[in-house]
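Each chain, letter by letter, is given below.
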Amino acid sequence: MSDAVAFALMNVIGLLAFAIVGSLKGAEADLDLFGVAVLGILTALGGGTIRDTLVGQVPLALRTTTDVLVVLLGVALALVLIRRFGDLREHPLVVLPDAVGLAAFAATGASVGYEAGLTPFGIVVLATLTAVGGGSLCDLLLTRVPVVLREDFYATPAVIGGVAFWLGVSVGLPAGIAMIGCAVLVLALRLLALRRGWRLPTV
Amino acid sequence: MSDAVAFALMNVIGLLAFAIVGSLKGAEADLDLFGVAVLGILTALGGGTIRDTLVGQVPLALRTTTDVLVVLLGVALALVLIRRFGDLREHPLVVLPDAVGLAAFAATGASVGYEAGLTPFGIVVLATLTAVGGGSLCDLLLTRVPVVLREDFYATPAVIGGVAFWLGVSVGLPAGIAMIGCAVLVLALRLLALRRGWRLPTV
Amino acid sequence: MSDAVAFALMNVIGLLAFAIVGSLKGAEADLDLFGVAVLGILTALGGGTIRDTLVGQVPLALRTTTDVLVVLLGVALALVLIRRFGDLREHPLVVLPDAVGLAAFAATGASVGYEAGLTPFGIVVLATLTAVGGGSLCDLLLTRVPVVLREDFYATPAVIGGVAFWLGVSVGLPAGIAMIGCAVLVLALRLLALRRGWRLPTV
């Protein structure tokens, strides 16, 4: 699999997953149809917009039509789920796409940072901000303390994934393979953290 | 009217309107003089800053002195209105400039997106973000759920205006004419929505 | 002292100070270890990221390793302070670094705006946004009304400092000297405002 294919795959998975998560959060908050769609769109596009803006590029979502179509598909899927299942707070239908989006976007953030020639720290920071940016923006718009601050091991897997990506490309792996490895690792760590209830110590 | 004149006109109208709206919201929240001015400035400059940053330009407000002077004039006008009228919550003096600013900034966002060569979707997204960005930032700073999520037909007119702008330039209209058409349409839709109490269905 | 040395000095002081402030605010809000670190990092890097993004540069923190190391040192220092002193709300250990960070970042903002060829207003706006950006982001993530809106004479000193920097370079001072002057003035005004309880009139 080429690097470009790996990037496109992770990007689509992340957009779809976060569009669903944002829409479901909007429905939980009793927003109307448009508010639900806005939250879905902003949650899906937020992370990538932060990522691209920080490295000085016009956000991908404004340059390609496919990205927006994927997001709208995600919002539509969420509307079907909402009608079918009702209240989805803490439901696997929210928690699982959220973990998937976190993993996929950490990989795209690391990749974009690497291509832009950032420092290792820069790559890790960009992986983390891309992964948690959309969800944090969604929580902010709903005036909730973002999940990244509330929950242990939400941003931590993205940080570890960013480090893993950097280690991978440092030992000569193609960026595409390093992205897949990063995403799988982030997803595994996030799901394990959820299942085991991992917590970091408070200070 | 040339495209540049249309842009300058819409820009000044939007800046003035949103400076008033932001300042009045700040006064309602019992902020001191400086807080009122900060909210007026950020509400007025927020949308355009998002717009310019997303297409990779240094924000207009940082490059031209007139923009900031217009904003300060708007803040000063708002201070006069506050002393004269007292409580302005839901007052036409807030609601009307807000609709005017929404319309004018949707037009500048569509125009900047078009000039930057964005996709049709990108143009609509930029029109919408420019229109609702400043007000949302204002609401976030006051830790309120942004009006764009609370109210039906707030962002919807901006989306429709962005589509109208794109249709206009697609059939060969000069960008300046398309901007005026976009702004008039957004303003009409927003005022109609307010008067008729249009609501989108909840999901 | 050369301009580059003055910039590096102000940058390190600001990063360190705001990393401490953000971490302490996170600990007050009973966040876990990671949340505390995230808040420290975002508070420290927020102002500079806004500054660099607005003038079209990749944020310094993503390009240099030292910046991130300084921030992590600040977070570590804060963790020691928290264990040692317990509740730090309104404690001089929060208030003093906050004033120092405000002063140092106003100077870096003014300097970057000047180098980027912004208008005098643009320089003042960039000085102010750089100074108050990180703390405002921190407050937003904790869903608090940002200190810049709540407190008199928080952003005011940064505005005055930006004007002073501009006056300095206008009369021919080297940018490095103007930065030091700006920072000293902002710090003095902020500390005086705190001690004397200066308030601006409400409207």
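Here the structure is a predicted model, which is why all the values come from computation and not from measurement.

(A) Structural context of the overall build of chain A. A count of helical and extended segments in chain A gives 9 helices and 0 strands. Seen in sequence order, chain A has helices and strands lined up from the N terminus as α-α-α-α-α-α-α-α-α. For a compact globule of 203 residues, the expected C-alpha radius of gyration is about 17 Å, and chain A comes in at 16 Å, within 12% of that figure. In terms of overall dimensions, chain A has a C-alpha envelope of 50 × 45 × 30 Å along the principal axes. A burial count over chain A gives 57% of its 203 residues as buried. Counted over contacts in chain A with a minimum sequence separation of 6, partners at least 24 positions apart contribute 75%. Accessible area for chain A stands at about 7,800 Å²; split by element, carbon and sulfur atoms hold 68% of it.

(B) Up close: the relation of the copies chain C and chain B. If you rotate chain C by 120 degrees and push it 0.0 Å along the axis, it lands on chain B with an RMSD of 0.0 Å. Interpreted geometrically, this transformation is the action of a three-fold axis. If distances are taken from each C-alpha of chain C to the rotation axis, the shortest is found for Thr-143 of chain C, at 3.5 Å. Different-surface contact between copies: only 12% of interface residues of chain C are shared with the interface of chain B.

(C) Structural context of the interface of chain B and chain A. Contact with chain B, which involves 26 residues of that partner, is made by 27 residues of chain A. Of the roughly 2,200 Å² buried between chain B and chain A on both sides combined, carbon and sulfur atoms contribute 79%. Taken together, chain B and chain A are joined by 0 salt bridges. For the side of chain B that touches chain A, the elements supplying multiple residues, two or more each, are helix 2 (33-54), helix 6 (120-141) and helix 8 (155-170) of chain B. Considering each element in turn, the side of chain B that touches chain A owes the most residues, 6 residues, to helix 6 of chain B. For the side of chain B that touches chain A, a count of residues per class yields 16 nonpolar, 7 polar and 3 charged.

(D) Focus on the environment of Val-169 of chain C. All names here are of chain C. Note on placement: Val-169 falls in helix 8 (residues 155-170). Judged by relative accessible area, which is 11%, Val-169 ranks as buried. On a C-alpha basis, the gap between Val-169 and Met-179 in space is 9.4 Å, while along the polypeptide they are 10 residues apart. Once residues lying within four places of it in the same chain are set aside, the contact partners of Val-169 are Tyr-114, Ala-175 and Ala-178.

(E) Main features of the relation of the copies chain B and chain A. Relative to chain A, chain B is turned by 120 degrees and slid 0.0 Å along the rotation axis, the superposed coordinates differing by an RMSD of 0.0 Å. Comparing interface residues between copies, only 12% of those in chain B also lie at the interface in chain A; the contact surfaces differ.

(F) How the structure looks around the side chain of Asp-52 of chain C. For Asp-52 of chain C, the location among the structural elements is in helix 2 (residues 33-54). According to the relative accessible area criterion, Asp-52 of chain C is buried, its value standing at 2%.

(G) Examining the interface of chain C and chain B more closely. On the side of chain B, 27 residues touch chain C, which itself brings 26 residues to the contact. Here chain C meets chain B over a buried area of about 2,200 Å², counting both sides, of which 79% is carbon and sulfur. Seen at the junction of chain C and chain B, the total is 0 salt bridges. Counting every contact that joins chain C to chain B gives 1 residue pair in polar contact (both at pLDDT 80 or more). Counting only elements with at least two residues in the side of chain C that touches chain B, the list comes to helix 2, helix 6 (120-141) and helix 8 of chain C. Broken down by element, the side of chain C that touches chain B gets its largest block of residues, 6 residues, from helix 6 of chain C. The residue inventory of the side of chain C that touches chain B, partitioned by class, reads 16 nonpolar, 7 polar and 3 charged.

(H) Inspection of the confidence of the model for chain A at higher detail. Here chain A averages 90 in pLDDT, and 96% of its residues register 70 or above. Confidence, expressed as mean pLDDT per element, reaches its minimum in chain A at helix 7 (residues 147-150) of chain A with 83 and its maximum at helix 8 (residues 155-170) of chain A with 95.

(I) Fine view of helix 2 of chain B. All names here are of chain B. End to end, helix 2 covers 31 Å across 22 residues, agreeing with the expected 32 Å (1.5 Å per residue, within 8%). The largest bend in helix 2 is about 40 degrees, located at Leu-45. Counting buried positions along helix 2 yields 16 of 22 residues, so the element is predominantly enclosed. Where helix 2 begins, the side chain of Asp-32 points an oxygen toward the backbone nitrogen of Phe-34, at a separation of 2.8 Å.

(J) Examining the UniProt feature "domain: Glycine transporter" (unreviewed entry) in chain A more closely. Residues and elements named next belong to chain A. Sites flagged by UniProt as "domain: Glycine transporter" (unreviewed entry) map to residues 9-81 and 97-167. Taken as a whole, residues 9-81 contains 86% helix and 0% strand, while its terminal C-alpha atoms sit 23 Å from one another. Across residues 97-167, helical content stands at 82% and strand content at 0%; the span's end C-alpha atoms are separated by 26 Å.

(K) Up close: the pattern of salt bridges. By the definition in use, this model includes 9 salt bridges over all chains. A salt bridge links Lys-25 of chain A to Asp-139 of chain A; the nearest nitrogen and oxygen atoms lie 3.0 Å apart. Here Lys-25 of chain A is found in helix 1 (residues 3-28), whereas its partner Asp-139 of chain A is found in helix 6 (residues 120-141), with 114 residues between them in sequence. Lys-25 of chain A sits in the buried class, given a relative accessible area of 11%. Given a relative accessible area of 0%, Asp-139 of chain A falls into the buried group. With a closest N to O distance of 3.7 Å, Arg-150 of chain C and Asp-139 of chain C form a salt bridge. Of this pair, Arg-150 of chain C sits in helix 7 (residues 147-150) while Asp-139 of chain C sits in helix 6; the two residues are 11 residues apart in sequence, bridging distant segments of the chain. Taken together, the salt bridges that share partners define one network made up of Lys-25, Asp-139 and Arg-150 of chain A.

(L) Region of the structure containing the nonpolar core. By size, the foremost hydrophobic cluster in this structure holds 186 residues, and its most contacted members are Leu-149 and Phe-165 of chain A, Leu-149 and Phe-165 of chain B together with Leu-149 and Phe-165 of chain C. Apart from the residues lying within four places of it in its own chain, the contact partners of Phe-165 of chain C are Ala-110, Ser-111, Tyr-114, Ile-123, Ala-175, Ala-178, Met-179 and Cys-182 of chain C.

(M) Fine view of the packing of aromatic side chains. All names here are of chain A. If you walk through the whole model with that rule in mind, you get 6 aromatic pairs over all chains. Aromatic pair Tyr-114 and Phe-165: ring centres 5.8 Å apart, planes at 75 degrees, arrangement edge-to-face. Here Tyr-114, found in helix 5 (residues 92-115), pairs with Phe-165, found in helix 8; they are 51 residues apart in sequence, far enough to count as distant.

Parameters at a glance
- Residue positions are counted from 1 within each chain, in the order its sequence is given.
- By the order in which they are written, chains take letters starting at A while ligands take numbers starting at 1.
- In view of the model being predicted, local features appear only for residues whose pLDDT reaches at least 70, and side-chain atom pairs are presented and counted only at 80 or more, with totals across whole chains, interfaces and linings using the full set of residues.
- Side-chain metrics rest on all non-hydrogen atoms present in the structure, leaving aside hydrogens and water.
- Here a helix means four or more residues in a row that DSSP labels H or I, a strand means two or more in a row labelled E, and each is numbered from the N terminus.
- In this setup the radius of gyration rests on C-alpha atoms only. A globule is expected at 2.2 Å times the number of residues raised to 0.38.
- Each residue gets one of three labels from its accessible area relative to the maximum for its type: buried under 20%, exposed over 50%, partly exposed in between, using a 1.4 Å probe on protein chains only.
- Two residues form a contact once any of their heavy atoms are found within 4.5 Å.
- Each accessible area is a Shrake-Rupley result for a 1.4 Å probe, and residues are judged covered by the shown protein chains and nothing else.
- Here the copies were fitted onto each other by least squares, based on C-alpha atoms from residues at pLDDT of at least 70 in both.
- Note on terms: buried area is the combined drop in 1.4 Å-probe accessible area of two parts once they are placed together, counting the loss on both.
- The salt bridge criterion pairs a side-chain nitrogen of Lys or Arg with a carboxyl oxygen of Asp or Glu, the two atoms within 4 Å.
- Classification used: nonpolar for Ala, Val, Leu, Ile, Met, Phe, Trp, Tyr, Cys and Pro, charged for Asp, Glu, Lys and Arg, polar for all others including Gly.
- Under this definition, polar contacts are N or O atom pairs within 3.5 Å; protein pairs additionally need one hydrogen-donor-capable and one acceptor-capable atom, and for neighbouring residues in sequence, both atoms have to be side-chain atoms.
- Known as pLDDT, the predictor's confidence for each residue is given on a scale from 0 to 100.
- To estimate how far a helix should reach, multiply one less than its number of residues by 1.5 Å.
- Bend is the name given here to the angle between axes fitted to two runs of seven residues, the run ending at a residue and the run starting at it.
- UniProt positions are given in the numbering used here, feature names are shortened, and annotations may be inferred rather than shown by experiment.
- Only buried Ala, Val, Leu, Ile, Met, Phe, Trp, Tyr and Cys residues count toward a nonpolar core, and they belong to the same one when joined by side-chain atoms within 4.5 Å.
- Centres within 6.5 Å make a pair out of two Phe, Tyr or Trp rings, where for Trp the six-membered ring is used; the pair is then stacked when the planes are under 30 degrees apart, edge-to-face when over 60, and tilted otherwise.

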